[in-house]
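A closer look at the structure
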Amino acid sequence: GGECGDFGTGTTTPTLRGPHFILRGHSESVAAVAVSTDLAIVLATSPRAGSTLHCLLTGRFLRTIPELRGELCALSPEGTAIAWERRGHRMRVATLNGDVARTVSLANDLPPLTAKPIVSSDGRFVVLGTERAAAGDPKPAGVALLEVPELRVAHVWELPGGAGVSSMTLTGDNTNLLVSGTDGSLTVLADPRLGMRLVSQMFNLGWETMV
């Protein structure tokens, strides 16, 4: 194999060394993973076996949270674990101690989710991407902003034409949220770190859409 070098410099052939750890403790295939480098925590989630927590620095198994089931997950900077379960369209939040603090069904508020949730840097909000709403379904589809840990829907920014979300990502400096729509559009939205009032104002004003 090639020499391990700095990715992107072109000076050596980049390779990956490892594995440093093999994180065990999950009893079925993992559907989603979230990592907090600040907390050195890895969250792994599955729809039937729940979630496991591991230490990123040592690889040590910390605990299982059987009730925190789902196909999508996220970690807040404060250590709140979030998971969405397609069955029942349920979202749950749990502490790193393993206590599920809140379970909410979003079935009456939003279409099913499609993209990995993104937690704001202050941990107060989680950004969700939804499927396109079914014909005749009055629920708003697009990008939803939920308050954490209450999981209350604070705002939904509907994509043009009622498109669903195929993927989302934050720019490296956390200044813009890029949303890919199921209609092929790319939409630039507000920084989720901003205060709720400013975010609402930006949503109301609208943001540039690039098609």
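The following paragraphs examine the structure supplied in this document. (Residues numbered from 1 in each chain as written. Predicted model: local features only at pLDDT ≥ 70, side-chain atom pairs only at ≥ 80, totals over all residues. Heavy atoms only, no water.)

**A few points about the sheet that holds strand 4 (residues 61-65)**
This is how the line gets drawn: Two strands pair if DSSP finds at least two bridges between them. By the criteria applied, helices consist of DSSP H or I runs no shorter than four residues and strands consist of E runs no shorter than two, each listed in order from the N terminus. Here, axes are lines fitted to C-alpha atoms. For helices the fit covers the stretch in contact, and angles between N-to-C directions go from 0 to 180 degrees.
In space, the four strands of this open sheet follow the order 1-2-3-4, with antiparallel pairing throughout. Strands at the two margins of the open sheet, each flanked by one partner only, are strand 1 (32-36) and strand 4. The mean angle between the axes of side-by-side strands here comes to 15 degrees, regardless of whether they run parallel or antiparallel. By the bridge criterion, five bridges tie strand 1 to strand 2 (residues 41-46) in an arrangement that is antiparallel. From the neighbouring strand, Ala34 faces strand 2, where its bridge partner is Leu43.

**A closer look at a nonpolar patch on the surface**
Selection rule: Candidates for patches are residues over 30% relative accessible area with no salt bridge; among them, like charges are joined within 9 Å and nonpolar side chains (Val, Leu, Ile, Met, Phe, Trp, Tyr) within 5 Å. To measure how exposed things are, a 1.4 Å probe is used in the Shrake-Rupley method; for residues, cover is taken only from the protein chains shown. Put simply, a salt bridge is a Lys or Arg side-chain nitrogen that is within 4 Å of an Asp or Glu carboxyl oxygen.
On the surface, Val30, Val33, Val35 and Leu56 cluster together to form a nonpolar patch covering roughly 290 Å² of accessible area. Considering the arrangement of structural elements, one finds Leu56 in the loop between strand 3 (50-55) and strand 4.

**Some points on the environment of Thr169**
Operational definition: To sort residues, take the accessible area from a 1.4 Å probe on protein chains only and compare it with the maximum for the residue type: under 20% means buried, over 50% means exposed, and anything in between is partly exposed. Only heavy atoms enter the contact rule, under which two residues are in contact if any of them lie within 4.5 Å.
Within the secondary structure, Thr169 is located in strand 13 (residues 165-170). Taking relative accessible area as the criterion, Thr169 reaches 41% and is therefore assigned partly exposed. In this structure the C-alpha to C-alpha distance between Thr169 and Ile118, which are 51 residues apart in sequence, comes to 7.9 Å. Aside from chain neighbours lying at most four places away, what touches Thr169 is Ile118, Asn176, Leu177 and Leu178.

**Observations concerning the sheet that holds strand 12 (residues 152-158)**
Strand order in the open sheet formed by four strands is 9-10-11-12, with antiparallel pairing between adjacent strands. Only two strands of the sheet have a single partner each, and these edge strands are strand 9 (118-119) and strand 12. Two elements, strand 11 (residues 142-147) and strand 12, share six bridges in a ladder whose sense is antiparallel. When the sheet's bridge partners are listed, Gly142 is paired in strand 12 with Glu158.

**Here's the deal with unusual backbone geometry**
Residue Pro149 follows Val148 across a cis peptide bond; omega there is 10 degrees. Relative to the helices and strands, Pro149 resides in the loop between strand 11 and strand 12. Phi angles above zero are rare outside glycine, and Ala40 is one such case at about 60 degrees. Here Ala40 is to be found in the loop between strand 1 and strand 2. In this structure, Leu151 takes a positive phi of about 60 degrees despite not being glycine. Along the chain, Leu151 turns up in the loop between strand 11 and strand 12. The exposure class of Leu151 is buried, given its relative accessible area of 3%.

**Thoughts on the pattern of salt bridges**
What the rule picks out here adds up to seven salt bridges. One salt bridge connects Arg86 with Glu131, and the closest N-O pair in it is separated by 3.5 Å. Taken as a pair, Arg86 in the loop between strand 6 (81-85) and strand 7 (90-94) and Glu131 in the loop between strand 10 (125-129) and strand 11 lie far apart in primary sequence, 45 residues in all. Taking relative accessible area as the criterion, Glu131 reaches 27% and is therefore assigned partly exposed. As a salt-bridge pair, Asp137 and Lys139 come within 2.9 Å of each other at their nearest N and O atoms. You can call Asp137 partly exposed: its relative accessible area is 26%.

That's the geometry; what it means functionally is another story.
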